[in-house]
Amino acid sequence: CHFVNLAASYRASPSSVSLVNSVAREPRARRLKTDSNSANCLDAVMTAEDIITVSHTGEVIGGGKRGRQVVNAAGFLIHSAIHKARPDVQAICHSHSPYGKAWSTLGLPLEYTTQDSCAFYKSQAVLDSFGGVVLSKSEGGRIAEKLGDNKLIVLQNHGLLCVRSHCALTLGPH
């Protein structure tokens, strides 16, 4: 179940990762499953019941706990643009981890100095003109275009975004 996999990805992430938004495409369906983290659900207690289903226009069409069926508009604009551009992508993880944010200020791709970073060898991009909170479809499209066929994009002065074929893969192993 994609709800369970998405929630498990949150719960399994180390507290230092600080997931902001994670989205999973439902196989063979034209809808996305997303967290309701804009309602401030702690990653460590995220459950399948916290996951909402949204249409490709960003409307909640199911799931979620009552009173917490909120769509993160900026996250939706980014993630829906990526899903549209990359049918192979089933899961997207956007993180504002302290280390990822610090690295993003350099405007450089990850250096291949650790086994973990080698997972992105020749598969990363840098968006060096990230404008902050995404409020338009065109900005989401720009991020998707810059990501291209890569697994990772560094959003300068902001954080990291990873795409994969399965929820668990967005957190590792890559």
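One structure accompanies this document, and this report is about it.

Thresholds applied
Residues numbered from 1 in each chain as written. Predicted model: local features only at pLDDT ≥ 70, side-chain atom pairs only at ≥ 80, totals over all residues. Heavy atoms only, no water. Helix = DSSP H or I, 4+ residues; strand = E, 2+ residues; numbered from the N terminus. Buried < 20%, exposed > 50% of the residue type's maximum accessible area, 1.4 Å probe, protein only. Areas by Shrake-Rupley, 256 points an atom, 1.4 Å probe, with all protein chains shown as cover. Polar contact = N/O pair within 3.5 Å; in protein donor to acceptor, adjacent residues only side chain to side chain. Contact = heavy atoms within 4.5 Å. Pairing = 2+ DSSP bridges. Salt bridge = Lys/Arg side-chain N within 4 Å of Asp/Glu carboxyl O. Core = buried A, V, L, I, M, F, W, Y, C linked by side-chain atoms within 4.5 Å. Arc of directions from axis to C-beta.

Notes on the overall build of the protein
Here comes step 1: Each helix and strand in the protein was counted, giving five helices and eight strands.
Here comes step 2: The order of helices and strands in the protein, counted from the N terminus, is α-β-β-β-β-α-β-α-α-β-α-β-β.
Here comes step 3: Split into buried and exposed, the 174 residues of the protein put 48% on the buried side.
Here comes step 4: Per element, the accessible surface of the protein, about 8800 Å² overall, is 54% carbon and sulfur.

Thoughts on the side chain of Gln124
Here comes step 1: Positionally, Gln124 belongs in strand β6 (residues 124-127).
Here comes step 2: By relative accessible area, which is 13% here, Gln124 ends up buried.
Here comes step 3: In terms of polar contacts, Gln124 uses its side chain to reach the side chain of Tyr112, at 3.0 Å.
Here comes step 4: Ignoring anything within four residues of it in the chain, the contact list for Gln124 reads Pro109, Leu110, Tyr112, Asn150, Leu152 and Val154.

Let's talk about the pairing of strand β8 (residues 159-164)
Here comes step 1: Across the six residues of β8, six count as buried, placing the element largely inside the fold.
Here comes step 2: Burial along β8 is two-sided: the residues Gly159, Leu161 and Val163 and Leu160, Cys162 and Arg164 are all buried.
Here comes step 3: Across five bridges, the pairing between strand β5 (residues 91-95) and β8 is antiparallel. Residue Cys93 lies in a different strand from β8, and its bridge partner there is Cys162.
Here comes step 4: Pairing of strand β7 (residues 152-155) with β8 involves four bridges; the strand directions are antiparallel. In the sheet register, Leu155 faces β8, and the bridge partner there is Gly159.
Here comes step 5: Hairpin geometry of β7 and β8 is characterised by an intervening segment of three residues between the two adjacent antiparallel strands and by a positive phi of about 60° at Asn157.

Re the pattern of salt bridges
Two side chains with opposite charge may pair up if their charged atoms get near one another.
Here comes step 1: On inspection of all chains with the given rule, the structure shows two salt bridges.
Here comes step 2: Among the salt bridges present, the one from Arg86 reaches Asp88, with a minimum N-O distance of 3.0 Å.
Here comes step 3: Look at Arg86 and you get buried, because its relative accessible area is 8%.
Here comes step 4: Measuring nitrogen to oxygen at the nearest pair gives 3.0 Å for the salt bridge that ties Arg142 to Glu139. Residue Arg142 and its partner Glu139 are located together in helix α5 (residues 137-147), separated by three residues, close to a single helical turn.
Here comes step 5: The buried category is assigned to Glu139, whose relative accessible area is 16%.

Side note on the nonpolar core
Here comes step 1: By size, the foremost hydrophobic cluster in this structure holds 18 residues, and its most contacted members are Ile82, Val134, Ile143, Ile153, Leu161 and Val163.
Here comes step 2: At the level of secondary structure, the elements contributing two or more residues to this core comprise α2 (73-85), β6, α5, β7 and β8.
Here comes step 3: Ignoring sequence-local partners within four residues, the contact set of Ile82 consists of Ile92, Ala144, Leu147, Leu161 and Val163.
Here comes step 4: The next biggest cluster of nonpolar side chains, apart from the first, holds eight residues, and it includes Ala119, Val126, Leu160 and Cys162.

Here's the deal with α5
Here comes step 1: If you check which residues of α5 are buried, you get Glu139, Gly140, Ile143, Ala144 and Leu147. In an axial view of α5, the angular spread of the buried residues amounts to 140°, which keeps them on one side of the axis. Turned more than 90 degrees from where α5 packs its buried face, Lys137, Ser138 and Glu145 sit exposed.
Here comes step 2: Of the surrounding secondary structure, the elements contacted by the buried residues of α5 are α2, β6, β7 and β8.
Here comes step 3: Gly148 sits one or two residues past α5 and shows a positive phi near 55°.

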